[in-house]
Amino acid sequence: MYFDNMVLYYKPTCPFCHKVLAFMEQEDIAMPMRDTLEPGVKDDLIRIAGKGQVPCLIVDGVPMFESDDIVRFLGDLILEREEG
């Protein structure tokens, strides 16, 4: 399942990011992703979201920060697609 209206900002060493990434892998969810350890990516996140906290899911320009909230949001989207 591919979501092109979202971008996930993450850091490979972040355990909360791993929680989101594991859920995405389990549910076969794909989307554009940005590693904040890459040059300039964290600056982009701060410009877009107002802070550099990860994981951060940007949905239609709106940031969502908490891993539990991100997993819940993505799970709800999967249910909506399955039901609809």
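This one's a predicted model, so the numbers in the text were calculated from it and none came from an experiment.

### Looking at the packing of aromatic side chains
Working step 1: Counted by the stated rule, this structure contains zero aromatic pairs.
Working step 2: Over the ring of Phe65 we find Lys51, and its NZ or CZ is 4.4 Å from the ring centre.

### Description of the sheet that holds strand S3 (residues 56-59)
Note: strands within a sheet are paired through backbone hydrogen bonds, in either parallel or antiparallel orientation.
Working step 1: Ordered in space as S2-S1-S3-S4, the four strands form an open sheet in which the pairing is mixed. Two strands lie at the open edges of the sheet, namely strand S2 (33-35) and strand S4 (62-64), each paired on one side alone. Strand-to-strand twist in this sheet, taken as the mean axis angle between neighbours without regard to direction, amounts to 20°.
Working step 2: Bridging between strand S1 (residues 6-10) and S3 involves four bridges; their strand directions are antiparallel. The residue of S3 that forms the bridge with Val7 is Ile58.

### Considering the state of the cysteines
Working step 1: Enumeration over the complete set of coordinates arrives at zero disulfides.
Working step 2: Between Cys14, a cysteine without a disulfide, and Cys17, which holds the nearest cysteine sulfur, the sulfur-to-sulfur distance is 3.1 Å.

### Overview of the pairing of S1
Working step 1: Most of S1 sits out of view: five of its five residues are buried.
Working step 2: Side chains of S1 alternate between two faces, with Met6, Leu8 and Tyr10 and Val7 and Tyr9 buried alike.
Working step 3: Two strands pair when backbone bridges link them, and S1 and S2 are joined in this way by three bridges, in the parallel orientation. Following the sheet pairing, Tyr9 is matched in S2 by Arg34.
Working step 4: Handedness of the S1-helix H1 (residues 15-26)-S2 crossover: right-handed.

Thresholds, definitions, all that
- Residues numbered from 1 in each chain as written.
- Predicted model: local features only at pLDDT ≥ 70, side-chain atom pairs only at ≥ 80, totals over all residues.
- Heavy atoms only, no water.
- Phe/Tyr/Trp six-rings, centres within 6.5 Å; stacked < 30°, edge-to-face > 60°.
- Lys NZ or Arg CZ within 6 Å of the ring centre and 35° of its normal.
- Pairing = 2+ DSSP bridges.
- Helix = DSSP H or I, 4+ residues; strand = E, 2+ residues; numbered from the N terminus.
- Axes fitted to C-alpha atoms, helices over the stretch in contact; angles between N-to-C directions.
- Disulfide = S-S within 2.5 Å.
- Buried < 20%, exposed > 50% of the residue type's maximum accessible area, 1.4 Å probe, protein only.
- Right-handed = clockwise from strand over helix to strand, strands pointing away.

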